Protein chains: 4
Amino acid sequence: MPDFSLDIPISFGHCDPAGIVFYPNYFRWFDRCFHSFLQDRAGGHRALCADLDAKGIGLMDVAARFPSPATEGDRMRLDMTIADWGSKVLRLEYTGYVGSRAVVEGHELRGMFVLREGKMRAGDLAPLRARLEAK
Amino acid sequence: MPDFSLDIPISFGHCDPAGIVFYPNYFRWFDRCFHSFLQDRAGGHRALCADLDAKGIGLMDVAARFPSPATEGDRMRLDMTIADWGSKVLRLEYTGYVGSRAVVEGHELRGMFVLREGKMRAGDLAPLRARLEAK
Amino acid sequence: MPDFSLDIPISFGHCDPAGIVFYPNYFRWFDRCFHSFLQDRAGGHRALCADLDAKGIGLMDVAARFPSPATEGDRMRLDMTIADWGSKVLRLEYTGYVGSRAVVEGHELRGMFVLREGKMRAGDLAPLRARLEAK
Amino acid sequence: MPDFSLDIPISFGHCDPAGIVFYPNYFRWFDRCFHSFLQDRAGGHRALCADLDAKGIGLMDVAARFPSPATEGDRMRLDMTIADWGSKVLRLEYTGYVGSRAVVEGHELRGMFVLREGKMRAGDLAPLRARLEAK
């Protein structure tokens, strides 16, 4: 069971001259899926950052592969799973399906960036985890 | 009553360093609203173009104004109305609301581009209108 | 003579399944042209806003028309002209050319947003104009 | 020595509410760098695909990490290196620098997709390599 899912109707404007999704759009959807999850569980990124005195829950590393193409008119279901809570790194895994066919598989590593003694650092994730699991 | 509406949850990645929607995104949503309408009514842009021997139902002119800002976490309802069927120009009007507050108001003029005697021209819209009103 | 120009090489990823520029991209380029002008003349948007105690130099109204298409491999020159300095509204006019052929013509109306007595308002543009004309 | 480089001035509209580059933009720049390279060496993606009877030189896999942030007003130099020509997979490596500081490091794996007996397949890359190394 995924921790969160988005339904993405693939539109004309998401596609390139080859008629398939222009690949950077998949990362906009990964990011939107994570932020929608924050909204759903804990009032959203802005409120969470204010509560936790953080600058942002941002990206450290990302990857994806594209086993098959998606095109105009397809509906993609994007599933997100929290795969690992490290002390300073959160691993999120994503799979996008059109019907039962996988069109994208990838992951993000995210940290919670905090300003401590004038420097930006990756902060302890325990308070973030507590908020997201509270619901 | 609008002819079509989309629900757009405003996400972190749609916003700029001022914390409000980066304005070109509104036009991606206008375009997506029109294409979703084509999907809903007549099988989508690609199928319609194949049926009507057209290259595309594309933009000639567009405008918008922004009476108030939208931000991360807002949900926008985007309403589209077919305001006028000219013989070669279709006028679409859009209004986006967050709650009862208008955040964008605009229009698109679109034509149906066809290749005739080696030249791209704005074709007669009557067959397109017939398809979209058939449902 | 334009007040500022950008050279935009049109790439595969800027184009849609019809093989021409996906129109919201033109507005990303209008915005980038204006911000590059601020960078060139006065150290950029962020520095200007800090100096002038403003939240942003943002959009009120925008329009464009598309007299001919641009495609992958074209180089567009985008010219920007300051057409009018009102007391609270700045009018910028844009034309994009591929060779001598116009592909986009449009304008933006921008204001300088300031927080006064807890409300966001369109501020007086005279200090902004002084900075931009100082060079 | 990289095989190709692009100069990317980071603009306001590339950044998110945290004031740093919204990460999917890095992938738009990876893609644009590769397509600019094709333009420079061999007349561009469209001409190459026509010559080689291919549907596209598309993405199979991509990754990036972000050692430090880039913001409005920064100029990024994006270097691309052809790291490996496999028989059906091309590996491209990218590093983006602001001054001497790396802001993004990543790679793309690309294939040349061809239609053979009604099926889309990854074609032999030797003819593509010959074109790109001919100059």
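Here, the structure is the one placed above.
Bear in mind the structure is a predicted one, so any value in this text is a computation, not a measurement.

Participant: Describe the interface of chain D and chain A, naming the residues involved and giving the relevant values.
Facilitator: Contact with chain D, which involves 19 residues of that partner, is made by 19 residues of chain A. Buried surface at the junction of chain D and chain A, summed over both partners, amounts to about 1,400 Å²; 65% is from carbon and sulfur atoms. Taken together, the links from chain D to chain A amount to 0 salt bridges. Linking chain D with chain A are 6 residue pairs in polar contact (both at pLDDT 80 or more). Put simply, the parts of the chain that give the side of chain D that touches chain A at least two residues each are helix H1 (24-42), strand E2 (56-65) and strand E5 (101-116) of chain D. Of the residues forming the side of chain D that touches chain A, the biggest block, 7 residues, is contributed by E2 of chain D. Among the residues making up the side of chain D that touches chain A, the classes are represented as 12 nonpolar, no polar and 7 charged.

Participant: Summarise helix H2 (residues 45-52) of chain D; cite the residues concerned and give the values.
Facilitator: All names here are of chain D. Listed in full, the buried residues belonging to H2 are His45, Leu48, Cys49 and Leu52. The buried residues of H2 occupy an angular sector of 100° when the element is viewed end-on, so they sit on one face. Residues Ala50 and Asp51 are exposed on H2 and point more than 90 degrees away from its buried face. Note on H2: the residue one or two positions beyond its end, aspartate 53, has a positive phi of about 55°.

Participant: Pulling in residues and values, what's your account of the side chain of glutamate 72 of chain A?
Facilitator: Counting through the fold element by element, glutamate 72 of chain A comes out in the loop between strand E2 (56-65) and strand E3 (75-85). As a buried residue without a salt bridge, glutamate 72 of chain A has its nearest oppositely charged side chain in arginine 46 of chain B, at a separation of 4.4 Å.

Participant: Residues and numbers for H1 of chain D, please.
Facilitator: Residues separated by three or four positions in an α-helix point in the same direction, a consequence of the helix having 3.6 residues per turn. Residues and elements named next belong to chain D. Look at H1: 27 Å from first C-alpha to last across 19 residues, which is about the 27 Å you get at 1.5 Å a residue. Counting buried residues along H1, 15 of its 19 residues qualify, which places the element largely inside the surrounding structure. A positive phi of about 80° marks glycine 43, the residue just after H1.

Participant: Talk me through the relation of the copies chain D and chain C; I want residue IDs and the actual numbers.
Facilitator: Note on the copies: chain D fits chain C at an RMSD of 0.0 Å, the axial shift is 0.0 Å, and the rotation between them is 180°. These values place the two chain copies in the arrangement generated by a two-fold rotation axis. Proximity to the rotation axis, assessed at the C-alpha, singles out isoleucine 8 of chain D in chain D; its C-alpha lies 5.7 Å from the axis. Residue by residue, 100% of the interface of chain D is reproduced at the interface of chain C, so both copies engage with the same surface.

Participant: Mind laying out unusual backbone geometry, listing which residues take part and the relevant values?
Facilitator: All names here are of chain B. Its identity as a non-glycine residue notwithstanding, aspartate 53 has a phi of 55°, on the positive side. In this fold, aspartate 53 is placed in the loop between helix H2 (45-52) and strand E2 (56-65). According to the relative accessible area criterion, aspartate 53 is exposed, its value standing at 53%. The backbone of glutamate 117 sits at a positive phi, close to 50°, despite the residue not being glycine. Structurally, the position occupied by glutamate 117 is in the loop between strand E5 (101-116) and strand E6 (119-122).

Conventions used here
Every chain is numbered independently, its residues counted from 1 as its sequence is written. Chains carry letters from A onward and ligands carry numbers from 1 onward, assigned in written order. This being a predicted model, a pLDDT of at least 70 is required before a residue's local features are given, and a value of 80 or more before pairs of side-chain atoms are given or counted; all residues contribute to the totals for chains, interfaces and linings. Hydrogens and waters are ignored; side-chain quantities use all the structure's heavy atoms. Every residue pair with non-hydrogen atoms within 4.5 Å of one another is taken to be in contact. By convention, the term buried area covers the 1.4 Å-probe accessible surface removed from two parts as they join, with the contributions of both added. Each reported salt bridge corresponds to a side-chain nitrogen of Lys or Arg within 4 Å of a carboxyl oxygen of Asp or Glu. For this analysis, a polar contact is any N or O atom pair within 3.5 Å, provided that within protein one partner can donate a hydrogen and the other can accept it, and provided that sequence-adjacent residues contribute only side-chain to side-chain pairs. By definition, any uninterrupted DSSP run of H or I lasting at least four residues is a helix, any uninterrupted run of E lasting at least two residues is a strand, and each is numbered from the N terminus. Think of it as three bins: nonpolar holds Ala, Val, Leu, Ile, Met, Phe, Trp, Tyr, Cys and Pro, charged holds Asp, Glu, Lys and Arg, and polar takes everything else, Gly as well. Using a 1.4 Å probe on the protein chains alone, a residue whose accessible area is under 20% of its type maximum counts as buried, one over 50% counts as exposed, and one in between counts as partly exposed. Here the arc refers to the directions that run from the helix axis out to each C-beta atom. In this tally, Lys and Arg are treated as positive and Asp and Glu as negative; His is ignored, and so are the chain termini. Helix span, as expected, comes to 1.5 Å for every residue beyond the first. Each copy is superposed on the other by least squares, with the fit set by C-alpha atoms of residues at a pLDDT of at least 70 in both.

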